[in-house]
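Descriptive analysis of the structure
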Amino acid sequence: MERSGVDIVLVDDDPDFVEITSSVLARAGHRVRAFDDPDEAFEFLRGHPADLVVSDLMVKTLDAGFGLARRLKASEETRHIPIIIVTAASSQRGFDFTPHTDAELASMSADAFFNKPVEPAALLEAVRRLTGHTGG
Amino acid sequence: MENKTIEKILVVDDELGMREGCRKILVLEGFQVVTAEDGQAGLEAFEKHRDFSAALIDLKMPRKSGLELIEAIRAQDKRILLLVVTAYATIKTAVKAIQQGADGYIPKPFTPDELLLPLRSGLEKRALALETERLKREREERLLEVAFERSKANTIIDCMTDAVMVVNRDRQIVLQNAAAVRLMPEPACQPPSPLSTLGCQELCELLQAALDCGSERSISSQETRLGGCTYMVNASPVQTTAGKTLGAVAVLRDISSLKKLSESKSMFVSMVAHEIKSPLAAIEGYLEILRSGTAGQDPDRIRSILGRCQLRARTLREMVSELMNLVAMETGHFTLKRSPTELTELVSEVVDGFQDRARSKGIELSLHCDDGRDKKVLADRDAVRCIFTNLIDNAIKYTHSGGHVDVRLSRNDVYMRVSVKDDGFGMKDEDRQRIFEEFFRIKSDATAEIPGTGLGLCVVKRLVDMHQGKVSVKSALGDGSEFVVSLRQDED
């Protein structure tokens, strides 16, 4: 490994999730930058392409996560960045976004999908799989 | 027919001997006798009693002749036996008498048997005629009754809100009540119409199953969708007492509202689960990073994480106790202990309890009383405390440091009003409209870090409703909010 860990941008307005996930990722040796606004995250990523984006599906608006993922995949500078979508909306009010096939996952412009709460081990495994880094 | 009542006979003759002779014969035979000495007296006696079975009438009498009397009596009583008794019996007068309405005649002089024989046979005929009439009348009454019964049953079935339909063994609809007709896609067709015109496969199958189920009187029931509503259908065979199936009857009950209720309950449970899951997941996550050492060793950071855990746990506990309140209110186990209560005193207690918190957040919390001090309200003290604790707590939560929270008591003729007004965040109109909904919380940058259950205002609304009071809210985004609770003054 050339360097310890990867640069991860975390997008969520749930302070608990940001705090806990940042700790888990940082402990594994990754560098985390958190945003509670998808637009700010997008602007940042265009200037500083990270190795991975973890975004909640609903950040302020209902499908902000999808919107961010689409914009990232549509932009030349950011298209290569793997995206993990997380959400707590799975069962509430009949919403279930859980993709069942790779095609459904791709239609979300996402590379991995988790329902909250996310198991730290499963998240770290997804980070490893999508970036090829095990962290520090 | 055996007639137990004593039959009454009217004897009209101007000869005393004749009258008394007849009386003796008739009384011996068990009749009751009334006599009259001329035609006029005879009519008067008839009109006075009106319950004679027969009249023996002499033709030649003063004041009113026998013929005139017969005509007058016959006009009033079609069934009385009228016998002419005359010494001047000629075919001519006899025919005349019969034409006027007499039933027969007895020539004078006569033996007791010559009197009794025609009388008895006439009375028998009369009795038979009366009995026939009675039976006819009875049958007509019974028919009327049956017709009425049938129309009554039809009316009742038609008035039912449940739809009722009957099919015969040939799978034809033979009866539909009004509610059933309304359900049908083509209600115009007159019964019998084939089952298939129902246009509801499920209902057809149910009725078919009821027709086929034979002697077991089973009832099939399931949820059936028809014309945008949900029905519970009970179908059962229509059978004779011998168990022969004549057809099948289906009763359709609209359970759409029950279904909706059950769906909204499910939705509520799912929301509760979600609301409980989030803070629990947060607590679990924090505990995990503490336990695994992920959070590091910095005591300040560990303390801050524990603080967040504590906040989430407190939110959970508050949510659970508010849920319990809500459930208690819904099931009616939550009973108010209402007594004349001085609102000013109670509200100022609550305000005092919040002073420390307001001060520490740099908010000025003040209480103003107009002229409401003397009027009491009929209220439950705990409920009132709960209402204003929630409102003042919210006002402090959603107001910036340096802001103001004013609690003001006032009254009009009927209501005591308590206003809780802040110059805090305020809210958008669409949020204001939903503010009393369960679990509704305004999500914005400003409120993201504020813990809450989303149940407080819902509890406030229910408690105020239970007091037959009113709660309203005025607000504009960035311009603060004002909640006004109005409670009716105690009459006494």
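Residues numbered from 1 in each chain as written. Chains lettered and ligands numbered in written order. Predicted model: local features only at pLDDT ≥ 70, side-chain atom pairs only at ≥ 80, totals over all residues. Heavy atoms only, no water.

1. Overview of the overall build of chain B
Of the regular secondary structure elements, chain B holds 13 helices and 18 strands. Counting only residues that meet the buried cut, chain B has 41% of its 492 residues in that class. For chain B, the computed accessible surface area is about 27,500 Å², with 53% contributed by carbon and sulfur atoms. (Helix = DSSP H or I, 4+ residues; strand = E, 2+ residues; numbered from the N terminus. Buried < 20%, exposed > 50% of the residue type's maximum accessible area, 1.4 Å probe, protein only. Areas by Shrake-Rupley, 256 points an atom, 1.4 Å probe, with all protein chains shown as cover.)

2. Here's the deal with the nonpolar core
Residues and elements named next belong to chain B. Ranked by internal contacts, the top residues of the largest apolar core, which has 50 residues, are Leu343, Leu365, Phe388, Leu391 and Ile392. Counting residues per element, this core draws most heavily on helix 11 (residues 381–397), at eight residues. By size, the runner-up hydrophobic cluster in this structure holds 24 residues, among which are Ala179, Ala180, Leu183 and Ala248. (Core = buried A, V, L, I, M, F, W, Y, C linked by side-chain atoms within 4.5 Å.)

3. Concerning the interface of chain B and chain A
Each partner contributes residues to the interface: chain B has 22 residues there, and chain A has 15 residues. Between chain B and chain A, a total of about 1,600 Å² is buried, with carbon and sulfur atoms accounting for 53% of that surface. Area buried by chain B at its contact with chain A is led by His274, Lys277 and Thr294 of chain B, which between them contribute 26% of it. Linking chain B with chain A are four salt bridges, by the criterion used here. Between glutamate 19 of chain A and arginine 308 of chain B there is a salt bridge whose closest N-O contact spans 3.9 Å. Scanning the region where chain B abuts chain A turns up six residue pairs in polar contact (both at pLDDT 80 or more). Secondary structure elements with two or more residues in the side of chain B that touches chain A: helix 8 (256–291) and helix 9 (299–331) of chain B. (Contact = heavy atoms within 4.5 Å. Buried area = accessible area lost by both parts, 1.4 Å probe. Salt bridge = Lys/Arg side-chain N within 4 Å of Asp/Glu carboxyl O. Polar contact = N/O pair within 3.5 Å; in protein donor to acceptor, adjacent residues only side chain to side chain.)

4. Here's the deal with the sheet that holds strand 5 (residues 112–115) of chain A
Residue and element names in this part refer to chain A. Reading across from one edge, 2-1-3-4-5 is the order of the five strands in this open sheet, with parallel pairing throughout. This sheet does not close on itself; its edge strands, each paired only once, are strand 2 (31–35) and strand 5. With direction set aside, neighbouring strand axes in the sheet form an average angle of 20°. For strand 3 (residues 52–56) and strand 4 (residues 83–87), the ladder comprises four bridges, and the chain directions are parallel. (Pairing = 2+ DSSP bridges. Axes fitted to C-alpha atoms, helices over the stretch in contact; angles between N-to-C directions.)

5. Concerning unusual backbone geometry
Residue proline 117 of chain A is reached from lysine 116 of chain A by a cis peptide bond, and omega for that bond is -5°. By the secondary structure assignment, proline 117 of chain A is in the loop between strand 5 and helix 5 (120–131). Here the bond from lysine 108 of chain B into proline 109 of chain B is cis, since omega is -15°, no more than 30 degrees from zero. With respect to the helices and strands, proline 109 of chain B occurs in the loop between strand 5 (104–107) and helix 5 (112–159). In this model, glutamine 468 of chain B sits at a positive phi of 55°, which is unusual for a non-glycine residue. Following the sequence through the fold, glutamine 468 of chain B ends up in the loop between helix 13 (456–466) and strand 17 (470–475).

6. Description of the confidence of the model for chain B
Summary statistics for chain B give a mean pLDDT of 85 and a share of 93% for residues scoring 70 or more. This prediction of the complex comes with two scores: 0.54 for pTM and 0.78 for ipTM. (pLDDT = per-residue confidence, 0-100.)

7. Some details on the confidence of the model for chain A
Averaged over every residue, the pLDDT of chain A is 86; the share at 70 or more is 90%. Element-level pLDDT for chain A is lowest in helix 4 (residues 102–107) of chain A, with a mean of 86, against a maximum mean of 96 in strand 1 (residues 7–11) of chain A.

8. A look at the pairing of strand 10 (residues 229–239) of chain B
Residue and element names in this part refer to chain B. In this sheet, strand 11 (residues 245–254) lies alongside strand 10 in antiparallel orientation, the contact comprising nine bridges. Residue pairing in the sheet places asparagine 234 in a bridge with valine 251 of strand 11. Following strand 10, the chain reverses through five residues before pairing antiparallel with strand 11; glycine 243 in that reversal takes a positive phi of roughly 90°.

9. Concerning the pairing of strand 15 (residues 404–411) of chain B
All names here are of chain B. Pairing geometry for strand 13 (residues 364–369) and strand 15, over six bridges, is parallel. Within the sheet, the bridge partner assigned to leucine 367 lies in strand 15 and is valine 407. In terms of strand pairing, strand 15 meets strand 16 (residues 415–422) through seven bridges, oriented antiparallel. Bridging across to strand 16, arginine 408 finds its partner in serine 419. Between strand 15 and strand 16, which follow one another and run antiparallel, lie three residues.

10. Comments concerning the environment of tyrosine 105 of chain B
One can find tyrosine 105 of chain B in strand 5. The spacing of tyrosine 105 of chain B and valine 95 of chain B is ten residues in sequence and 9.9 Å in space, taken between C-alpha atoms.

11. Considering the sheet that holds strand 15 of chain B
Neighbouring strands of a sheet are bound in pairs by backbone hydrogen bonds; such pairs are parallel or else antiparallel. Residues and elements named next belong to chain B. The five strands are arranged 13-15-16-18-17 in an open sheet whose pairing can be described as mixed. Edge positions in the sheet fall to strand 13 and strand 17, since each has one partner strand and no second. The sheet shows a mean angle of 15° between the axes of neighbouring strands, taken without regard to direction. Pairing analysis gives six bridges linking strand 17 to strand 18 (residues 481–488), with the strands arranged antiparallel. Residue lysine 470 lies in a different strand from strand 18, and its bridge partner there is serine 486. Contacting strand 17 and strand 18, helix 13 crosses the sheet at an angle of about 140° to strand 17.

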